[in-house]
Amino acid sequence: MTSAPAREGAVALVTGASRGIGLAVARALARSGHRLVVTAREPVALEAAVAALRAEGARAVGCAGGVADSGRAEACVALAMHEFGRLDVLVNNAATNAPYGALMDVDLARWRTAFTVNVEAALHLTQLAWRAWMSEHGGAVVNICSEGASHTGPNVGAYGTSKAALLHLTAQLAGELAPSVRVNSVSPGLIRTEMARFVWDGAEDQLAASLPLGRIGEPEDVASAVTWLVSDAAEWVTGADVLVDGGTRVRAAAGGTSPYAVHERLRAPREEP
Ligand SMILES: NC(=O)c1ccc[n+]([C@@H]2O[C@H](COP(=O)([O-])OP(=O)(O)OC[C@H]3O[C@@H](n4cnc5c(N)ncnc54)[C@H](OP(=O)(O)O)[C@@H]3O)[C@@H](O)[C@H]2O)c1
């Protein structure tokens, strides 16, 4: 995907950016000219990520806090406005893949946490960005969903249901915020990050063989889709979901095996990611 450079002075807020997909997105957005506010809960890891981004030439500030903490979400948007005076891009990337297990056994308090972190926080941050800058000046929002939102599977029911809700939220907001703000999503397949380590670690050969494109994904595969979606190269794209899954879905549609199914076959049932 070819991306246009960021608009002069553009600022992006990326949640969950101390590692994995969020950090790769932050790096890619910095390279395309964005100034950055990056968030995560663990302050030491977040500061290390900010230092790494700055060492690569980015203008970046960190804002420690969980996305489901509404006071911290407000503080992070306020920091963008205070530090840079604008907020053009919001990437709702932070998420939890717990609780893991069958839905009949799910603890409802943990189910609610999954929905608060994976769905409600994305809405809240979009509201905050809209009120602070985007309603008047425009902008772009990208929600990181999941290839798993579109099908069922053992043990990932809470996660998949929350990501399906995020997919619907994306389409709904795209309609409500047009024409000034574009809202899209990216749905990754299996990506080499900590969150998915329990799936790929020690099973890469089998997983790669199960995928049409012959390898698991890297965070940069997702980042390049995000960078395109927020750029002017995608100025006529809203309400779209970009699938970045190495062909997982086409293989599954042809009766093949999903990475989670490979994982379940290779491993004994486990407690929690
Ligand atoms: N990896 C995959 O295979 C895959 C596949 C499909 C979709 N995704 C989606 O991609 C996104 C990124 O996942 P990832 O694989 O990059 O995960 P990761 O490597 O575990 O990184 C998650 C990042 O989010 C932060 N974070 C976690 N919970 C947070 C919270 N409540 N508030 C603020 N920050 C939080 C983490 O830092 P702290 O722990 O310090 O907060 C970390 O910076 C998620 O939306 C995930 O659902 C991943």
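Whatever comes next refers back to the structure up there.
This report concerns the structure included in the present document. (Residues numbered from 1 in each chain as written. Predicted model: local features only at pLDDT ≥ 70, side-chain atom pairs only at ≥ 80, totals over all residues. Heavy atoms only, no water.)

Attention now moves to the sheet that holds strand β6 (residues 181-188). What the seven strands build is an open sheet, ordered β3-β2-β1-β4-β5-β6-β7; its pairing is parallel. With partners counted over all chains shown, the strands left at the sheet margins are β3 (60-64) and β7 (241-244), one partner each. Between one strand axis and the next, the sheet turns by 15 degrees as a mean value, whatever way the strands run. Judged from the five bridges that link them, strand β2 (residues 35-40) and β3 form a sheet pairing that is parallel. Looking at β3, one finds that A40 is bridged to A64. Relative to the sheet, helix α5 (residues 157-177) contacts β5 (139-144), β6 and β7, its axis offset from that of β6 by approximately 160 degrees. Each of β4 (89-92), β5, β6 and β7 touches helix α8 (residues 219-230); the most contacted strand, β6, lies at about 165 degrees to it. (Pairing = 2+ DSSP bridges. Helix = DSSP H or I, 4+ residues; strand = E, 2+ residues; numbered from the N terminus. Axes fitted to C-alpha atoms, helices over the stretch in contact; angles between N-to-C directions. Contact = heavy atoms within 4.5 Å.)

Moving on, we get to empty space enclosed by the protein. For the coordinates displayed, the defined rule picks out three cavities of 30 Å³ or more. Computed from the structure, the largest cavity encloses a volume of approximately 70 Å³. Residue lining of the largest cavity: 13 residues in total, with N92, N93, A94, V117 and A122 positioned closest to the centre. Elements with a minimum of two residues in the lining of the largest cavity: α4 (108-137) and α5. Sort the elements by how many residues they give to the lining of the largest cavity and α4 lands first, with five residues. Considered class by class, the residues forming the lining of the largest cavity number eight nonpolar, four polar and one charged. Approximately 50 Å³ is the volume found for the second largest cavity. It is helix α3 (residues 70-84) that contributes the most residues to the lining of the second largest cavity, three residues altogether. When the residues that make up the lining of the second largest cavity are grouped by side-chain class, the tally is four nonpolar, four polar and one charged. (1 Å grid on protein atoms, 1.4 Å probe; cavity = no way out; pocket = protein on both sides within 12 Å on 5 of 7 lines; lining within 4 Å. Points joined across faces, edges and corners; volume = space filled by probe spheres on them. Nonpolar A, V, L, I, M, F, W, Y, C, P; charged D, E, K, R; others polar.)

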